[in-house]
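Chain by chain, the residues run as shown.
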Amino acid sequence: PVVKESPDQMSAAAQSRPYRLPFVIAASAAGTVIEWYDFYLYGVLAAFFSTQFFPPGNDVAALLASLATFGAGFAVRPFGAAFFGRLGDLTGRKFTFMLTILIMGSSTALVGVLPTYGQIGLVAPVILVVLRLAQGLALGGEYGGAAIYVAEHSRDEHRGRNTSWIQTTATMGLMLALLVIGVTRVNMTDAAFKDFGWRIPFLLSVILVVIALVIRVRLQETPLFSRLKASGKASTSPWRESFGNRDNLKLILIALFGATAAQAVVWYQGQFQALFFLGTVLGVKYTDTYLIVGAALVLGTPFFLVFGRLSDRIGRKPVIIAGFALAAVTYYPIYQLMTQFAHPVGQFDAALGKWAEAGKATVANPEILPLTALVWIQVVYVTMVYGPIAAFLVEFFPARIRYTSLSIPYHLGNGWFGGFLPLISASLLRSEEHTSELQSR
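None of these values were measured; they are calculated from a predicted model.

Caption draft 1: Fine view of a nonpolar patch on the surface. A grouping of Phe79, Leu137, Trp239, Phe243, Leu249, Leu253, Phe257, Val265, Trp416 and Phe417 is seen on the molecular surface, where their side chains present a nonpolar patch of about 920 Å² in accessible area. Counting residues per element, the ones that place at least two in the nonpolar patch are α13 (238–243), α14 (246–281) and α20 (402–418). Tallying contributions element by element places α14 first for the nonpolar patch, with 4 residues. Looking at the secondary structure, you find phenylalanine 257 in helix α14.

This is the structure:
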């Protein structure tokens, strides 16, 4: 049977760390921010990519194909978690997340030089999907390594606080993507951005990845994993121990359906879907959309640390469950208010999936402050459910198979339940329009 190490054992390992904890946190978080930046560049530009890499003539089909490609990266995240999780449990945490960031950076840079559909035809979306799959596989191994690395350097009483820094990285990566894309678009014409400017944020990731690799190469293996290796107690078959052991499989399923699936929906609804809803559905200008969501992210990010620290004092579950409950009760009125304060022009056209007039998308007249407040509330929900989740998952699984067992439910939840949220939402709108057509006949 799989036996967890006691909190005292984790604390003892943390006390023997060879260098200062702030460096451990900074080195782990810096690389993870860059990986999220790389991963979310596509998401921010998903609507734009529908005109670059997919056949013209049907805007809705192209948008759905673009969102499906975005979702493909999420679809393979559990497989990346299984592969790199096993590697991390066998060889160590450091080597694995050095490898994942290299794969992510290379894939992102290649998107920046990828010819468009107009240049090479159907080969373009095929290559784009392959690169997106590589990104998803890499991300499947990155998060678990970074979270575990920090947790295994932390004392029990500070684990929620310390790992909450890793939890900020997904939001900070999205924020960085919005900033770089926004600055690039503002400083060139729309035609120039459509022609070549969209490539700049992808190519910039090369520099960021080199910086992260230089920082991470200085890291050593975690004290706890080093002790497991030295004593011969490290797992030799992480998959078999994770899934072949009934007790541990039960923990994986509890973590998935009791925590990460709902957490993922809150994360993507409160940040990505809010961005998509404002800019694509309501017709808010991209400059205003980036300002609203960016400001909400900046104001909300410190709450990852607040709720991570709170989870050290009152427990992980009460904080996470409170976030779930608040989100479930308030999402519907929040999005009604977002529509009201955005002041979309015309009426909702289900065929286009957005507000339109005479069959053409319109530009909304948003009230910036109330919309920022409404998105900020959703970001706070994100921080409640996501801030403590790393510490919760680390403490839920034994160290010898922690990388594998933690990564699988995390990336199933975030990759499938959360990652397909934009595609499911857009498809439901299209389905509603189709149903309305049938009823009117």
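Caption draft 2: Representation of the packing of helix α5 (residues 77–91) against helix α8 (residues 123–151) in the model. Direction vectors running N to C along α5 and α8 enclose 50 degrees, while the axes themselves pass 7 Å from each other. The orientation of α5 relative to α8 falls into the category oblique. Pair α5 / α8 crosses with right-handed handedness. For the pair α5 and α8, contact is made by Arg77, Phe79, Gly80, Ala81 and Phe84 and by Gly136, Leu137, Ala138, Leu139, Gly140 and Gly141, respectively. Tallied by class, the residues present in the contact of α5 with α8 amount to 6 nonpolar, 4 polar and 1 charged.

Caption draft 3: Main features of the sheet that holds strand β3 (residues 360–361). Taking strand neighbours across the sheet as the criterion, the 3 strands line up as β1-β2-β3 in an open arrangement whose pairing is antiparallel. Both outer strands of the open sheet, β1 (347–349) and β3, are each paired with one neighbouring strand and no more. Two elements, strand β2 (residues 354–357) and β3, share 2 bridges in a ladder whose sense is antiparallel. Across the sheet, the residue bridging to alanine 356 is alanine 361, located in β3.

Caption draft 4: Broad picture of unusual backbone geometry. Despite not being glycine, histidine 343 shows a phi value in the positive range, around 50 degrees. For histidine 343, the location among the structural elements is in the loop between α17 (316–342) and β1.

Caption draft 5: A look at the side chain of glutamine 378. Along the polypeptide, glutamine 378 turns up in helix α18 (residues 368–386). By relative accessible area, which is 0% here, glutamine 378 ends up buried.

Caption draft 6: A look at the packing of aromatic side chains. Scanning the entire structure with this criterion turns up 18 aromatic pairs. Ring geometry for tyrosine 286 and tyrosine 290: centres 5.7 Å apart, planes at 70 degrees, overall edge-to-face. Separated by 4 residues within a single helix, tyrosine 286 and tyrosine 290 lie in helix α15 (residues 286–300), roughly one turn from each other. Relative accessible area serves as the criterion here: at 13%, tyrosine 290 is assigned to the buried category.

Caption draft 7: How the structure looks around the nonpolar core. Counting 110 residues, the largest nonpolar core has Tyr40, Phe49, Tyr143, Trp267, Leu278, Met338 and Tyr386 as its most contacted members. The greatest single-element share of this core, amounting to 14 residues, is contributed by α14. Once residues lying within four places of it in the same chain are set aside, the contact partners of tyrosine 143 are Ile166, Gln167, Tyr386, Ile389, Ala390, Leu406, Tyr410 and His411.

Caption draft 8: View of the confidence of the model for the protein chain. Per-residue confidence for the protein chain gives a mean pLDDT of 83; residues scoring 70 or more make up 91%. Looking at the elements of the protein chain, mean pLDDT is at its lowest for helix α1 (residues 7–15), recorded as 50, and at its highest for α18, recorded as 96. Ignoring residues within four places in sequence, the model shows residues 1–8, a span with pLDDT below 50, making 18 contacts including any to other chains. The low-confidence segment residues 13–17 (pLDDT under 50) makes 12 contacts with residues lying over four places distant or belonging to another chain.

Caption draft 9: Seen up close, the environment of arginine 155. Its place among the elements puts arginine 155 in the loop between α8 and α9 (159–186). Residues arginine 155 and proline 55 lie 100 residues apart in sequence; the distance between their C-alpha atoms is 54 Å.

Caption draft 10: Geometry of helix α19 (residues 389–396). The element α19 is largely enclosed, with a buried count of 7 among its 8 residues. Those residues of α19 that sit buried are Ile389, Ala390, Ala391, Phe392, Leu393, Val394 and Phe396.

Caption draft 11: Representation of the pairing of β2 within the structure. Relative to β2, β1 runs antiparallel, the two being bridged by 3 bridges. Looking at the pairing, glutamine 347 lines up with alanine 356 of β2. Counting the residues in the hairpin turn of β1 and β2 gives 4 residues, including glycine 353, whose phi is positive at 75 degrees. If you look at the hairpin formed by β2 and β3, you'll find 2 residues sitting between the two strands, and alanine 358 has a positive phi there, around 55 degrees.

Caption draft 12: A look at the environment of serine 405. Note on placement: serine 405 falls in helix α20. In this structure, the C-alpha to C-alpha distance between serine 405 and aspartate 89, residues 316 residues apart in sequence, is 9.7 Å. With sequence-adjacent residues up to four places away left out, serine 405 is seen in contact with Ser242, Asn248, Ile252 and Phe397. Of note is the side chain of serine 405, whose polar atom sits 2.9 Å from the side chain of asparagine 248.

Caption draft 13: Region of interest: the packing of helix α10 (residues 190–197) against helix α11 (residues 199–216). At a minimum axis separation of 8 Å, α10 and α11 run at an interaxial angle of 45 degrees. By the criterion of interaxial angle, the relationship of α10 to α11 is oblique. Residue-level contacts link Asp195, Phe196 and Gly197 of α10 to Arg199, Ile200 and Pro201 of α11.

What counts, and where the lines are drawn
- Residues numbered from 1 in each chain as written.
- Predicted model: local features only at pLDDT ≥ 70, side-chain atom pairs only at ≥ 80, totals over all residues.
- Heavy atoms only, no water.
- Patch = residues over 30% accessible without salt bridge, like charges linked within 9 Å, V, L, I, M, F, W, Y side chains within 5 Å.
- Areas by Shrake-Rupley, 256 points an atom, 1.4 Å probe, with all protein chains shown as cover.
- Salt bridge = Lys/Arg side-chain N within 4 Å of Asp/Glu carboxyl O.
- Helix = DSSP H or I, 4+ residues; strand = E, 2+ residues; numbered from the N terminus.
- Axes fitted to C-alpha atoms, helices over the stretch in contact; angles between N-to-C directions.
- Parallel < 35°, antiparallel > 145°, perpendicular 65-115°, else oblique.
- Left-handed = near helix turned anticlockwise from the far one by under 90°.
- Contact = heavy atoms within 4.5 Å.
- Nonpolar A, V, L, I, M, F, W, Y, C, P; charged D, E, K, R; others polar.
- Pairing = 2+ DSSP bridges.
- Buried < 20%, exposed > 50% of the residue type's maximum accessible area, 1.4 Å probe, protein only.
- Phe/Tyr/Trp six-rings, centres within 6.5 Å; stacked < 30°, edge-to-face > 60°.
- Core = buried A, V, L, I, M, F, W, Y, C linked by side-chain atoms within 4.5 Å.
- pLDDT = per-residue confidence, 0-100.
- Polar contact = N/O pair within 3.5 Å; in protein donor to acceptor, adjacent residues only side chain to side chain.

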